[in-house]
Amino acid sequence: DAKTTQPTSMDCAEGRAANLPCNHSTISGNEYVYWYRQIHSQGPQYIIHGLKNNETNEMASLIITEDRKSSTLILPHATLRDTAVYYCIVRVDGTSYGKLTFGQGTILTVHP
Amino acid sequence: DAGVIQSPRHEVTEMGQEVTLRCKPISGHDYLFWYRQTMMRGLELLIYFNNNVPIDDSGMPEDRFSAKMPNASFSTLKIQPSEPRDSAVYFCASSGILTGNTIYFGEGSWLTVV
């Protein structure tokens, strides 16, 4: 799996958009970008994933650059409950054996 | 679906004792993963199974650790004998074509070895 680089920590005001960047300059053509988050003392929670097109679901939006070397996870209206560690992971998809390799992630703190 | 179910949620045991952690994957999933999380090393993959067969156990730290999957709905991770450095949170996860190959995690088993 390709390595990803994320900022160690970020802050965001409640109600504002949180934009979490991720660099994955060595990503391969068959690797997807996945985002997970881990709220304190809980298991990692799947957020969203994509290959090259931008994706949106009820939790977040994922913007992937045209060269696929970086991406941004957007939480449109952050709440205090979004305070968590956010992991950007690249993973071979199409078959389930694409295991997840976690880095250190970004600690997002949402403040009132 | 109830999601991935793990037990026990918390366990405190004495050094040298056997520890067994249990996992029930999401119904219909054919991949099961065991991860360990510590402050020092973060989230590490220990082993994963496909159709109940171990595929990659290269992350298992040593022979004291063993994992089994006797059927599609149950897996165990056993530590014998346990040591204080085994204290960690152990996560089970599963995936399958039914849910688009996304990996879903359980809530973890918090193990403390004293």
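These remarks concern the structure in this document. (Residues numbered from 1 in each chain as written. Chains lettered and ligands numbered in written order. Predicted model: local features only at pLDDT ≥ 70, side-chain atom pairs only at ≥ 80, totals over all residues. Heavy atoms only, no water.)

1. Focus: the overall build of chain B
- When you go through chain B residue by residue, the secondary structure sums to zero helices and 11 strands.
- What you see in chain B, going N to C, is helices and strands ordered as β-β-β-β-β-β-β-β-β-β-β.
- A burial count over chain B gives 49% of its 114 residues as buried.
- For chain B, the proportion of contacts with a sequence separation of at least 24, taken over those separated by at least 6, is 53%.
- Each charge class in chain B can be summarised by its mean position, and for the 9 positive and 13 negative side chains these summaries are 2 Å apart. (Helix = DSSP H or I, 4+ residues; strand = E, 2+ residues; numbered from the N terminus. Buried < 20%, exposed > 50% of the residue type's maximum accessible area, 1.4 Å probe, protein only. Contact = heavy atoms within 4.5 Å. Lys, Arg positive; Asp, Glu negative; His and termini not counted. Charge placed at Lys NZ, Arg CZ, Asp CG, Glu CD.)

2. Some remarks on the interface of chain B and chain A
- Facing the 23 residues of chain B at the interface are 20 residues of chain A.
- Summed over both sides, the interface between chain B and chain A buries roughly 1,600 Å², with carbon and sulfur atoms accounting for 53% of that surface.
- Put simply, chain B and chain A have zero salt bridges between them.
- In this assembly, chain B and chain A are joined by four residue pairs in polar contact (both at pLDDT 80 or more).
- Secondary structure elements with two or more residues in the side of chain B that touches chain A: strand E4 (31–38), strand E5 (42–50), strand E9 (88–95) and strand E10 (104–105) of chain B.
- Among the elements that line the side of chain B that touches chain A, the one with the most residues is E4(B), at four residues. (Buried area = accessible area lost by both parts, 1.4 Å probe. Salt bridge = Lys/Arg side-chain N within 4 Å of Asp/Glu carboxyl O. Polar contact = N/O pair within 3.5 Å; in protein donor to acceptor, adjacent residues only side chain to side chain.)

3. Here we look at the packing of aromatic side chains
- Under the counting rule described, the total for this entry stands at 12 aromatic pairs over all chains.
- On the numbers, 5.8 Å between centres and 90° between planes, the contact of Phe102(A) with Tyr35(B) is edge-to-face. With Phe102(A) in the loop between strand E8 (84–92) and strand E9 (106–111) and Tyr35(B) in strand E4, this pair bridges two chains. Comparing Phe102(A) with Tyr35(B) shows no difference in burial state: the two are buried.
- Clustering of aromatic rings is evident, with ring pairs tying together Tyr34(A), Tyr36(A), Tyr46(A), Tyr87(A), Phe102(A), Tyr35(B), Tyr104(B) and Phe105(B).
- Geometry around Tyr34(A) places Arg91(A) over its ring, the cationic atom sitting 5.1 Å from the centre. (Phe/Tyr/Trp six-rings, centres within 6.5 Å; stacked < 30°, edge-to-face > 60°. Lys NZ or Arg CZ within 6 Å of the ring centre and 35° of its normal.)

4. Considering the sheet that holds strand E5 (residues 55–56) of chain A
Residue and element names in this part refer to chain A.
- Pairing is antiparallel across the open sheet formed by four strands, whose spatial order is E2-E7-E6-E5. This sheet does not close on itself; its edge strands, each paired only once, are strand E2 (18–23) and E5.
- In the sheet, E2 pairs with strand E7 (residues 70–75) via six bridges, with the strands oriented antiparallel. Paired with Leu20 across the strands is Leu73, a residue of E7. (Pairing = 2+ DSSP bridges.)

5. Describing the sheet that holds strand E8 (residues 74–79) of chain B
Residue and element names in this part refer to chain B.
- The strand order E1-E3-E8-E7 describes an open sheet built from four strands, whose pairing is antiparallel. Two strands lie at the open edges of the sheet, namely strand E1 (5–7) and strand E7 (65–71), each paired on one side alone. For this sheet, the mean inter-axis angle between neighbouring strands, taken without regard to orientation, is 15°.
- Judged from the five bridges that link them, E7 and E8 form a sheet pairing that is antiparallel. Within the sheet, the bridge partner assigned to Phe65 lies in E8 and is Ile79. (Axes fitted to C-alpha atoms, helices over the stretch in contact; angles between N-to-C directions.)

6. Here's the deal with the environment of Leu45(B)
- Relative to the helices and strands, Leu45(B) is located in strand E5.
- C-alpha of Leu45(B) to C-alpha of Gly59(B): the two residues are 14 residues apart in sequence and 5.8 Å apart in space.
- In this structure Leu45(B) touches Lys99(A), Phe33(B), Trp34(B), Tyr35(B) and Gly59(B), once residues within four positions along its chain are discounted.

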